Amino acid sequence: MTAPSTITAARRAAGILLFLAAAILLASVFAKPVVAASAEVAVGNAWSRASIGSTRPGVAYMDIRNEGPGTVVLTGLRTDLATMAEVHRTTTDERGISSMTPAGEILLEPGKTVALEPGGLHVMLIQLQRAMLEGESFPLSLIFSDGGEVTIDVPVLGIAAREPED
C-alpha cells in the first residue's frame, strides 16, 4: 500500500507539470514572431531583360537581404511599368516540364538573402504599359508587411541576358 504523503506529492507534481504545460501552450498560441522593419532590408544586383514589345510579360531579378534581427515579410510589388507585379516561382517536375506560379509572401529570415534569379524565384511584370528597352531602367517598389517600402531602380539589359555584367 502507498503512503498518503507519497500520493499527495505525486498529485502535487502532476498538477505542477499540467500547469507548466498549459502555460507553455498558451504562450506559444499568443506569441507573435519578431518582425523586423523594412528599413533593415537591402536590395542589390537588380536587373531585367528587354521585352518583346509590350504584349508579353517582363521579368526582374535581384537579391533581397534582411540585415535586421527579425523576420521581414515581402507582401507585394509595385511599378508603373506594369499593371501587376508578382513574385513567381519556377518549378520543374520529374518529366522536365517547367511551370511558373505566384509565390505569395516571401519570408526574409534575419541575416539571410533571398535570390530572385532565372530558374527560381523572380518578379513577373504582367501587362506591360510600354516595352522594356535595353539601356533603360524603371522603378520597382517592394512592399513589406510593416507597411514600409523599398524602391529600387532596375536596369534593363539585352533580351538574351542571363545575368548582369560586372
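Residues numbered from 1 in each chain as written. Predicted model: local features only at pLDDT ≥ 70, side-chain atom pairs only at ≥ 80, totals over all residues. Heavy atoms only, no water.

## Quick word on the nonpolar core
Part 1 of the reasoning: Formed by 31 residues in total, the largest nonpolar core has its most connected members in M62, V123, L125, F138, L140 and L142.
Part 2 of the reasoning: Ignoring anything within four residues of it in the chain, the contact list for L125 reads P57, G58, V59, T79, L81, A82, M84, A85, M132 and F138. (Core = buried A, V, L, I, M, F, W, Y, C linked by side-chain atoms within 4.5 Å. Buried < 20%, exposed > 50% of the residue type's maximum accessible area, 1.4 Å probe, protein only. Contact = heavy atoms within 4.5 Å.)

## Remarks on the pairing of strand β2 (residues 58-66)
Part 1 of the reasoning: The buried count for β2 comes to seven of nine residues, which makes it a mostly enclosed element.
Part 2 of the reasoning: Sheet analysis places strand β1 (residues 41-49) next to β2, joined by six bridges and oriented antiparallel. Residue pairing across strands places S48 opposite A60, the latter belonging to β2.
Part 3 of the reasoning: Of the strand pairs in this sheet, β2 and strand β8 (residues 121-128) are connected by three bridges, and their pairing is antiparallel. Bridge pairing in β8 places A60 opposite V123.
Part 4 of the reasoning: Of the strand pairs in this sheet, β2 and strand β7 (residues 113-116) are connected by four bridges, and their pairing is antiparallel. (Helix = DSSP H or I, 4+ residues; strand = E, 2+ residues; numbered from the N terminus. Pairing = 2+ DSSP bridges.)

## Regarding the packing of aromatic side chains
Part 1 of the reasoning: Tallied over the full model, the rule gives one aromatic pair.
Part 2 of the reasoning: Here the aromatic rings of W47 and Y61 are separated by 4.6 Å at their centres, their planes lie at 35 degrees, and the arrangement is tilted. Within this pair, whereas W47 is found in strand β1, its partner Y61 is found in strand β2, the two being separated by 14 residues in sequence. Taken individually, W47 and Y61 each receive the classification buried, so the pair is uniform in this respect. (Phe/Tyr/Trp six-rings, centres within 6.5 Å; stacked < 30°, edge-to-face > 60°.)

## Re the side chain of S51
Part 1 of the reasoning: Mapped onto the elements of the fold, S51 is located in the loop between β1 and β2.
Part 2 of the reasoning: Separated by 2.6 Å, the side chain of S51 and the backbone oxygen of G53 make a polar contact.
Part 3 of the reasoning: A polar contact is formed between the side chain of S51 and the backbone nitrogen of M132, at a distance of 2.8 Å.
Part 4 of the reasoning: Setting aside its immediate chain neighbours within four residues, S51 contacts L128, A131, M132 and I159. (Polar contact = N/O pair within 3.5 Å; in protein donor to acceptor, adjacent residues only side chain to side chain.)

## What to know about the environment of S38
Part 1 of the reasoning: Here S38 is to be found in the loop between α1 (4-30) and β1.
Part 2 of the reasoning: Relative accessible area serves as the criterion here: at 7%, S38 is assigned to the buried category.
Part 3 of the reasoning: In this structure S38 touches F144, D146, G148, E149 and V150, once residues within four positions along its chain are discounted.

## With respect to the confidence of the model for the protein chain
Part 1 of the reasoning: A residue-level look at the protein chain finds 78% of positions with pLDDT of 70 or above and a mean pLDDT of 85.
Part 2 of the reasoning: Across residues 22-35, confidence stays below pLDDT 50; counting only partners more than four residues off in sequence or on other chains, it has four contacts. (pLDDT = per-residue confidence, 0-100.)

## A word on the pairing of strand β4 (residues 82-92)
Part 1 of the reasoning: Pairing geometry for β4 and β8, over seven bridges, is antiparallel. In the strand pairing of β8, A82 is matched with L128.
Part 2 of the reasoning: Direction of pairing for β4 relative to strand β5 (residues 98-102): antiparallel, over a ladder of five bridges. Counted as the bridge partner of T91 is S99 from β5.
Part 3 of the reasoning: The antiparallel hairpin formed by β4 and β5 contains five residues in its connecting segment, where G96 sits at a positive phi of about 85 degrees.

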